[in-house]
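Topology and contacts: notes
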Protein chains: 2
Amino acid sequence: MAAITRAEDLKQTLETKILSGELLPGTRLDEQGLAHQFNISRTPVREALRQLGSSGLVDMRSRQTPIVAIITVQKLIQMFEVMAELEGLCARLATRRITSQQRSQLLRSQDDLKESLKTDEPMRFYEVNREFHEVIYEAASSEFLAEQTRNLRNRVSPYRRHVTAQPGRMIATIAEHQAVIDAMSIGDSDAAATAMRRHVNLLGDSLADLIAHLPSDMIEGTIGR
Amino acid sequence: MAAITRAEDLKQTLETKILSGELLPGTRLDEQGLAHQFNISRTPVREALRQLGSSGLVDMRSRQTPIVAIITVQKLIQMFEVMAELEGLCARLATRRITSQQRSQLLRSQDDLKESLKTDEPMRFYEVNREFHEVIYEAASSEFLAEQTRNLRNRVSPYRRHVTAQPGRMIATIAEHQAVIDAMSIGDSDAAATAMRRHVNLLGDSLADLIAHLPSDMIEGTIGR
DNA sequence: ATAAGGCTTATTGTATGCAAAGTTTTGATT
DNA sequence: AATCAAAACTTTGCATACAATAAGCCTTAT
């Protein structure tokens, strides 16, 4: 399922670089530069940028050089608010529809989380955490809901890695995940939804605090160049 | 705030035609045809189509002629499920943040709904109904949430008008709106969220039923030719 | 009659050139 | 030295030409 068109290829490449933090918010993405850099013409570059634009990762003000989207603290809070609701719905649906296989995957990922906390591997923690949520998306059996939620996760991802590595947050995350698992295991879908919503909102608050209390020139989001 | 670029213009035009039902799901949107029809080149046409593609209104399978997106009944149900959750969140936030002006706007729209039912003006009903929800988005004071919810409303809109005009649904809608208003007026944000979620889900079920029980060649969504 | 295969045609993907809008630099004037 | 204006330059928006791929059609063989 490799991308066949240059535009699609570039879109994937840029998306990866933005999500991974290699391209920081505010970075200018001029067509000619990218075209030259990837040995393609401006046409597919434009298409890739436009697509990233409508997905929200790139800011496309007309007649101006596109930049990696900068999210204000206020908007970040709003995004987590919505994400909390969607993840909550995922948990609610998953509680009713989860298979036993998926249930054991959840338990396993919980063990892995504790392990990576003990061995102090924040990157692994980040990845396992992602898997935990991914299992719940799958268990919810709503491809559309999964897409929407993933898209939102992606959009906040460039800011998220700041907070994920914080020790306090890692411990809290494990406890919050446990609350979700517990609610799901007794089949209480409302409690599962509430626990998940709370989990995501706490994460958002913590991230918002972190960013808001940083001096503005420490925030990567300020127009770097 | 008129669109200045041809691509943006065309995007708006196509979006309007799709939402209004003038362009039915399954309609082919070939670049050359549109370019000729609007006296512009293929380049801005491509851009407009790509944008509509990522917003979900147009289906853009690679190397194939784009078509107005066809939504399966299953996916439609999933979309309403998510929309119900988002509209519920809107109602919850709006309950806490609504101004007195907005509150009276809600009451007024409720009167207008009853009026347009009495005078049998389904188009007006449709429009006032939209306004009702729009006021709640605004009252929720989360531009991001409003955007997400609107986008979803737009995506189901081509299918929605089938059910809106049904007399039973119109009466039910008025009652369901009233439940939302009542909960909001006593400041019970949870009840408001639940009432709104219920309202949107009922609408979705009703629409899904309608479409599922129709012979497939009566569904506009089937690839018309 | 039907299915398989190749050829023709239609349509999308990409490159390039030109026009228009925006940005920066430079210079003149106060 | 500071400010404003204009010109030079940069960068995006659009048009057109060409390449590549998929779709449709016809032929042919079984």
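Residues numbered from 1 in each chain as written. Chains lettered and ligands numbered in written order. Predicted model: local features only at pLDDT ≥ 70, side-chain atom pairs only at ≥ 80, totals over all residues. Heavy atoms only, no water.

Observations regarding the protein's contact with DNA strand D
Taken together, 20 residues form the shell around DNA strand D, and within it A:Arg42, A:Arg46, B:Arg6, B:Ser41 and B:Thr43 come nearest. Restricting the count to atoms of DNA strand D within 4 Å of the protein gives a sugar and phosphate share of 68%. With respect to DNA strand D, the side chain of A:Arg46 contributes an N or O atom lying 2.8 Å from a phosphate oxygen. At 3.4 Å, a side-chain N or O of A:Arg50 approaches a phosphate oxygen of DNA strand D. In the surface near DNA strand D, the residues fall into four nonpolar, seven polar and nine charged. (Near = heavy atom within 4 Å. Polar contact = N/O pair within 3.5 Å; in protein donor to acceptor, adjacent residues only side chain to side chain. Nonpolar A, V, L, I, M, F, W, Y, C, P; charged D, E, K, R; others polar.)

What to know about the protein's contact with DNA strand C
In the vicinity of DNA strand C, 20 residues are found, and the nearest of them are A:Arg6, A:Ser41, A:Thr43, B:Arg42 and B:Arg46. Among all atoms of DNA strand C positioned within 4 Å of the protein, those belonging to sugar or phosphate total 65%. One of the side-chain N or O atoms of B:Arg46 is found 2.8 Å from a phosphate oxygen in DNA strand C. Within the contact set of DNA strand C, a base oxygen lies 3.2 Å away from a side-chain nitrogen or oxygen of B:Arg63. Of all the secondary-structure elements, those providing two or more residues to the surface near DNA strand C are helix H1 (6-20) and helix H3 (42-55) of chain A together with helix H2 (31-38) and helix H3 (42-55) of chain B. When grouped by side-chain class, the residues that make up the surface near DNA strand C number four nonpolar, seven polar and nine charged. (Helix = DSSP H or I, 4+ residues; strand = E, 2+ residues; numbered from the N terminus.)

Describing the packing of helix H6 (residues 122-140) of chain A against helix H8 (residues 167-185) of chain A
Helices that pack against each other are described as a pair by the angle of their axes relative to one another and the distance between those axes. Residues and elements named next belong to chain A. In contact at an axis separation of 12 Å, H6 and H8 are set at 20 degrees when each is read in the N-to-C sense. What the angle tells us is that H6 and H8 run roughly parallel. Crossing angle aside, the handedness with which H6 passes H8 is left-handed. Residue-level inspection shows Pro122, Phe125, Asn129, Phe132, His133 and Ile136 of H6 in contact with H8, the latter providing Met170, Thr173, Ile174, His177, Val180, Ile181 and Met184. Considered class by class, the residues forming the contact of H6 with H8 number nine nonpolar, four polar and no charged. (Axes fitted to C-alpha atoms, helices over the stretch in contact; angles between N-to-C directions. Parallel < 35°, antiparallel > 145°, perpendicular 65-115°, else oblique. Left-handed = near helix turned anticlockwise from the far one by under 90°. Contact = heavy atoms within 4.5 Å.)

Things to note about the environment of A:Arg169
Residue and element names in this part refer to chain A. One can find Arg169 in helix H8. Taking the C-alpha atoms as reference, Arg169 lies 7.7 Å from Leu203; in sequence the two are 34 residues apart. Leave out the neighbours within four places in its chain, and Arg169 touches Val163, Glu176, Leu202, Leu203 and Ser206.

So, a negative patch on the surface
Taken together, the side chains of A:Asp111, A:Glu115, A:Asp120 and A:Glu121 define an acidic patch exposed on the protein surface. Judged by relative accessible area, A:Glu121 falls into the partly exposed class, the value being 36%. (Patch = residues over 30% accessible without salt bridge, like charges linked within 9 Å, V, L, I, M, F, W, Y side chains within 5 Å. Areas by Shrake-Rupley, 256 points an atom, 1.4 Å probe, with all protein chains shown as cover. Salt bridge = Lys/Arg side-chain N within 4 Å of Asp/Glu carboxyl O. Lys, Arg positive; Asp, Glu negative; His and termini not counted. Charge placed at Lys NZ, Arg CZ, Asp CG, Glu CD. Buried < 20%, exposed > 50% of the residue type's maximum accessible area, 1.4 Å probe, protein only.)

Brief notes about the interface of chain B and chain A
Of the residues lining the interface, 28 residues belong to chain B; the matching set on chain A comes to 28 residues. Here chain B and chain A share an interface that buries about 2600 Å² over both sides, 50% of which is from carbon and sulfur atoms. Inspection of the chain B/chain A interface yields eight salt bridges. Residue B:Arg92 is joined to A:Glu85 by a salt bridge in which the shortest nitrogen-to-oxygen separation is 3.2 Å. (Buried area = accessible area lost by both parts, 1.4 Å probe.)

Some words on the side chain of A:Glu87
Examined against the element boundaries, A:Glu87 turns out to sit in helix H4 (residues 73-97). Among the polar contacts made by the side chain of A:Glu87, one reaches the side chain of A:Arg153 at a distance of 3.1 Å.

Details of the confidence of the model for chain A
On average, residues of chain A score 90 in pLDDT, and 93% of them are at 70 or above. Contacts from residues 217-225 of chain A, a stretch scored under 50 in pLDDT, to residues over four places away or in other chains number 13 contacts. (pLDDT = per-residue confidence, 0-100.)

Overview of the nonpolar core
Ranked by internal contacts, the top residues of the largest apolar core, which has 78 residues, are A:Ile136 and B:Ile136. Those residues in contact with B:Ile136 that sit more than four places away from it in its chain are B:Cys90, B:Ala91, B:Ala94, B:Leu106, B:Val180, B:Met184 and B:Met196. (Core = buried A, V, L, I, M, F, W, Y, C linked by side-chain atoms within 4.5 Å.)

Re the domain arrangement of chain A
All names here are of chain A. Along its sequence, chain A is carved into domain 1 (6-68) and domain 2 (73-212). Computed from C-alpha coordinates alone, the two centres of domain 1 and domain 2 are separated by 29 Å. With eight residues of domain 1 in contact, the opposing surface of domain 2 contributes seven residues. Around 600 Å² of area is buried between domain 1 and domain 2 when both sides are counted, 55% of it from carbon and sulfur atoms. It is Leu19, Pro25 and Ser55 that lose the most area in domain 1 upon contact with domain 2, and together they represent 59% of the buried surface on that side. In this structure, the connection of domain 1 to domain 2 is made through zero salt bridges. Joining domain 1 to domain 2, the criterion identifies one residue pair in polar contact (both at pLDDT 80 or more). Ranked by residue count, the leading element in the side of domain 1 that touches domain 2 is H1, at four residues. The class makeup of the residues in the side of domain 1 that touches domain 2 is four nonpolar, three polar and one charged. (Domains from an automatic or database assignment.)

Examining the state of the cysteines
Overall, the coordinates contain zero disulfides over all chains when judged by the stated rule. Looking at the unpaired B:Cys90, the closest cysteine sulfur is the one in A:Cys90, lying at 18 Å. By relative accessible area, which is 0% here, B:Cys90 ends up buried. (Disulfide = S-S within 2.5 Å.)

Some remarks on the packing of helix H5 (residues 100-118) of chain B against helix H6 (residues 122-140) of chain B
Residue and element names in this part refer to chain B. One way to put it is that H5 packs onto H6 with a least axis distance of 9 Å and a crossing angle of 165 degrees. With respect to H6, the axis of H5 lies roughly antiparallel. H5 and H6 meet at a crossing whose hand is left-handed. Here Gln102, Gln105, Leu106, Ser109, Asp112, Leu113 and Ser116 of H5 come into contact with H6, specifically with Arg124, Phe125, Val128, Asn129, Phe132, Val135, Ile136, Glu138 and Ala139.

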